[in-house]
Amino acid sequence: MQILGMIEEFFGMIALVTTMIGLIPQVYKSYRIKSTSDISWLLLWNCFLCSVSWIIYGIITHSKFVIWSNILALVTSIISILQKKHYDGKK
């Protein structure tokens, strides 16, 4: 059973890291160029809804990796949505 726990932890860490780097480059690029015209609202709201759903699932299944990786994704999604609203509103 210990091997299964190690495998779960390994893939949980991969999920955590890949989720963290998912939208972060886009957030940085948008901040740097002060534009979000190439990002769709559908993508941003989909990422937001996906993160919320995974957090709820993680809470139900008591999976700390699912919860924490998706909290990070949720924060990044919220930042992206706020950037889109801010930069598109300036036009």
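Just so it is clear, the structure is predicted and the values come from calculations on it, not from any experiment.

A short note on a nonpolar patch on the surface
Part 1 of the reasoning: A cluster of nonpolar side chains, Ile3, Leu4, Met6, Ile7, Phe10, Phe11 and Ile14, forms an exposed patch at the surface whose accessible area comes to about 730 Å².
Part 2 of the reasoning: Counting through the fold element by element, Met6 comes out in helix 1 (residues 2-20).
Part 3 of the reasoning: On the basis of relative accessibility, which here comes to 52%, the residue Met6 falls in the exposed class.

Side note on the layout of surface pockets
Part 1 of the reasoning: Quantified by volume, the largest pocket comes out at close to 150 Å³.
Part 2 of the reasoning: Forming the walls of the largest pocket are Glu8, Phe11, Gly12, Ala15, Thr19, Trp54, Ser63, Phe65, Val66, Ser69 and Asn70.
Part 3 of the reasoning: Listing elements by their share of the lining of the largest pocket, those giving two or more residues are helix 1 and helix 4 (64-89).
Part 4 of the reasoning: Within the lining of the largest pocket, the residues separate by chemical class into 5 nonpolar, 5 polar and 1 charged.

So, the packing of helix 2 (residues 24-33) against helix 4
Part 1 of the reasoning: Direction vectors running N to C along helix 2 and helix 4 enclose 25°, while the axes themselves pass 10 Å from each other. What the angle tells us is that helix 2 and helix 4 run roughly parallel. The two elements helix 2 and helix 4 meet at a crossing, and its hand is left-handed. Note on element contacts: helix 4 touches helix 2 through Thr76, Ile79, Ser80, Gln83 and Tyr87, opposite Ile24, Val27, Ser30 and Tyr31.
Part 2 of the reasoning: A class-by-class count of the residues in the contact of helix 2 with helix 4 yields 5 nonpolar, 4 polar and no charged.

The rules behind the values
Residues numbered from 1 in each chain as written. Predicted model: local features only at pLDDT ≥ 70, side-chain atom pairs only at ≥ 80, totals over all residues. Heavy atoms only, no water. Patch = residues over 30% accessible without salt bridge, like charges linked within 9 Å, V, L, I, M, F, W, Y side chains within 5 Å. Areas by Shrake-Rupley, 256 points an atom, 1.4 Å probe, with all protein chains shown as cover. Salt bridge = Lys/Arg side-chain N within 4 Å of Asp/Glu carboxyl O. Helix = DSSP H or I, 4+ residues; strand = E, 2+ residues; numbered from the N terminus. Buried < 20%, exposed > 50% of the residue type's maximum accessible area, 1.4 Å probe, protein only. 1 Å grid on protein atoms, 1.4 Å probe; cavity = no way out; pocket = protein on both sides within 12 Å on 5 of 7 lines; lining within 4 Å. Points joined across faces, edges and corners; volume = space filled by probe spheres on them. Nonpolar A, V, L, I, M, F, W, Y, C, P; charged D, E, K, R; others polar. Axes fitted to C-alpha atoms, helices over the stretch in contact; angles between N-to-C directions. Parallel < 35°, antiparallel > 145°, perpendicular 65-115°, else oblique. Left-handed = near helix turned anticlockwise from the far one by under 90°. Contact = heavy atoms within 4.5 Å.

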